[in-house]
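Residue-level structural notes
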Amino acid sequence: MARPVAVRRPAAPMSSGQAARRVRILRAASDLGTREGLVNVQMHDVAKEAGVAIATVYRYFPSKPYLFLAVLEWHIERTLEDRDRNQDRDCDRVGECGSGPGSGGTADCATEVGETLVALSGKLLDSRMLASAVALSSFTEYTSVVPTRIDIVESALGQRLLRLLGGRADPGTERSRVRLLVYNWWGVFVSMLTEEISTEQGNADLRLAARLIAAP
């Protein structure tokens, strides 16, 4: 029986120039995934699109599934940042849900959790081809050799939801709430992507889950 190929741990950018190259790679993979889908994207194509050496791509992203999982996280981070900027422009209220550690525990918190998940799904589904690429990367058997795994609570989305919940219960319970919310979001997102359910139904399900899990 063939042994799985060992995948080395990715390097972390150590300078602003390295960080910029990493972002160029993520953007290139995102653009290629949007145009061609996961199967047709090759790592050397990503390198060419990003204007970097193929070794540089593998330095930060040891495998194609790992790269597209990083693309997913990158898009989540950008969507959350855009949402913050829009809220800053539209509202200057102080003390609303998500503004601080003590802001959880209200119906508004559950609403904000639900709307965050709905906005995130909508943004990702704007490009069905790219959404399929990141979903397939999460399902492929090669993710078994992804070199770094973290608790989903430590992801950008997990940290946002943890902040919105506001520490109403003991830390272990709050982290469990976040995991439930993220797992539910991912399942609903994939169901909308595969058209098992409509976008309208998926959004309604996400809002319901937020009320059930995030409300006091």
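Predicted model, so just to flag it, every value in this text is computed and none were measured.

Looking at helix α1 (residues 16-36)
One full turn of an α-helix is made of 3.6 residues, so residues set three or four places apart face in the same direction. Compared with the 30 Å implied by 1.5 Å per residue over 21 residues, the 30 Å span of α1 between its first and last C-alpha is a close match. Those residues of α1 that sit buried are Gln-18, Ile-25, Leu-26, Ala-28, Ala-29, Ser-30, Leu-32 and Gly-33.

A word on the side chain of Thr-116
The topology assignment puts Thr-116 in helix α5 (residues 107-125). Its relative accessible area of 1% is what places Thr-116 among the buried residues. Contacts of Thr-116, omitting those with residues within four sequence positions, involve Leu-80, Arg-83 and Leu-164.

Here we look at the confidence of the model for the chain
Across the chain, the average pLDDT comes to 84, with 80% of residues at 70 or higher. Per-element confidence in the chain is highest for helix α2 (residues 43-50), whose mean pLDDT is 97, and lowest for helix α4 (residues 64-90), whose mean pLDDT is 88. In this model, residues 97-106 is a region of pLDDT below 50 whose contacts with residues beyond four sequence positions or in other chains number 25 contacts.

Some thoughts on the UniProt feature "DNA-binding region" (unreviewed entry) in the chain
Feature annotation in UniProt places "DNA-binding region" (unreviewed entry) on residues 42-61, given in this structure's numbering. Between the C-alpha atoms that bound residues 42-61 the distance is 13 Å, and the span itself is 75% helix and 0% strand.

Side note on unusual backbone geometry
Positive phi is not limited to glycine here, since Glu-195 has a value of about 60°. Along the polypeptide, Glu-195 turns up in the loop between α8 (171-193) and α9 (199-214). In this structure Glu-195 comes out as exposed when scored by relative accessible area, which is 62%.

A few points about the nonpolar core
Side chains of nonpolar character tend, in soluble globular proteins, to be buried together. By size, the foremost hydrophobic cluster in this structure holds 56 residues, and its most contacted members are Ile-25, Leu-67, Phe-68, Val-113, Leu-161 and Trp-185. Sequence-distant contacts of Ile-25, that is, excluding residues within four places in its chain, are made with Val-46, Ala-50, Val-52, Thr-56, Val-57, Tyr-60, Phe-61 and Leu-67.

Side note on the environment of Ser-138
Turning to its location among the elements, Ser-138 is positioned in helix α6 (residues 128-139). Each C-alpha atom of the pair Ser-138 and Tyr-66 lies 8.7 Å from the other, and the pair is 72 residues apart in sequence. In this structure the side chain of Ser-138 is engaged in a polar contact, spanning 2.6 Å, whose partner is the backbone oxygen of Ala-135.

Quick word on the packing of α6 against α8
Viewed as axis vectors pointing N to C, α6 and α8 meet at an angle of 130°, and their least axial separation amounts to 11 Å. Between α6 and α8, the angle is such that the two are oblique. Taken as a pair, α6 and α8 cross one another with a handedness that is left-handed. Contact residues: α6 offers Arg-128, Ala-131, Ser-132, Val-134, Ala-135, Ser-138 and Phe-139, while α8 offers Trp-186, Phe-189, Val-190, Met-192 and Leu-193. Tallied by class, residues from the contact of α6 with α8 come to nine nonpolar, two polar and one charged.

Observations regarding the pattern of salt bridges
Considering all chains together, one arrives at seven salt bridges under this definition. Here Asp-84 makes a salt bridge to Arg-160, at a shortest N to O gap of 2.7 Å. Of this pair, Asp-84 sits in helix α4 while Arg-160 sits in helix α7 (residues 156-165), and the two are 76 residues apart along the sequence. Between Glu-115 and Arg-207 there is a salt bridge, with its nearest N and O atoms 2.6 Å apart. In this pair, Glu-115 is assigned in helix α5 and Arg-207 in helix α9, connecting sequence segments 92 residues apart. Judged by relative accessible area, which is 25%, Glu-115 ranks as partly exposed.

Quick notes on the packing of aromatic side chains
Any two aromatic rings considered together are summarised by their centre-to-centre distance and by the angle between their planes. Inspection of every chain in the model, using the stated rule, returns four aromatic pairs. Relative to Phe-189, the ring of Trp-185 has its centre 5.6 Å away and its plane inclined at 20°; by these criteria the two rings are stacked. Note that Trp-185 and Phe-189 are positioned in helix α8 at a spacing of four residues, about one turn of the helix. The pair formed by Trp-185 and Phe-189 is uniform in burial state, with each residue classed as buried. Among the aromatic residues, those joined into a cluster by ring pairs are Trp-185, Trp-186 and Phe-189.

The rules behind the values
- Residues numbered from 1 in each chain as written.
- Predicted model: local features only at pLDDT ≥ 70, side-chain atom pairs only at ≥ 80, totals over all residues.
- Heavy atoms only, no water.
- Helix = DSSP H or I, 4+ residues; strand = E, 2+ residues; numbered from the N terminus.
- Expected span 1.5 Å × (residues − 1).
- Buried < 20%, exposed > 50% of the residue type's maximum accessible area, 1.4 Å probe, protein only.
- Contact = heavy atoms within 4.5 Å.
- pLDDT = per-residue confidence, 0-100.
- UniProt positions renumbered as here; feature names shortened; annotations may be inferred.
- Core = buried A, V, L, I, M, F, W, Y, C linked by side-chain atoms within 4.5 Å.
- Polar contact = N/O pair within 3.5 Å; in protein donor to acceptor, adjacent residues only side chain to side chain.
- Axes fitted to C-alpha atoms, helices over the stretch in contact; angles between N-to-C directions.
- Parallel < 35°, antiparallel > 145°, perpendicular 65-115°, else oblique.
- Left-handed = near helix turned anticlockwise from the far one by under 90°.
- Nonpolar A, V, L, I, M, F, W, Y, C, P; charged D, E, K, R; others polar.
- Salt bridge = Lys/Arg side-chain N within 4 Å of Asp/Glu carboxyl O.
- Phe/Tyr/Trp six-rings, centres within 6.5 Å; stacked < 30°, edge-to-face > 60°.

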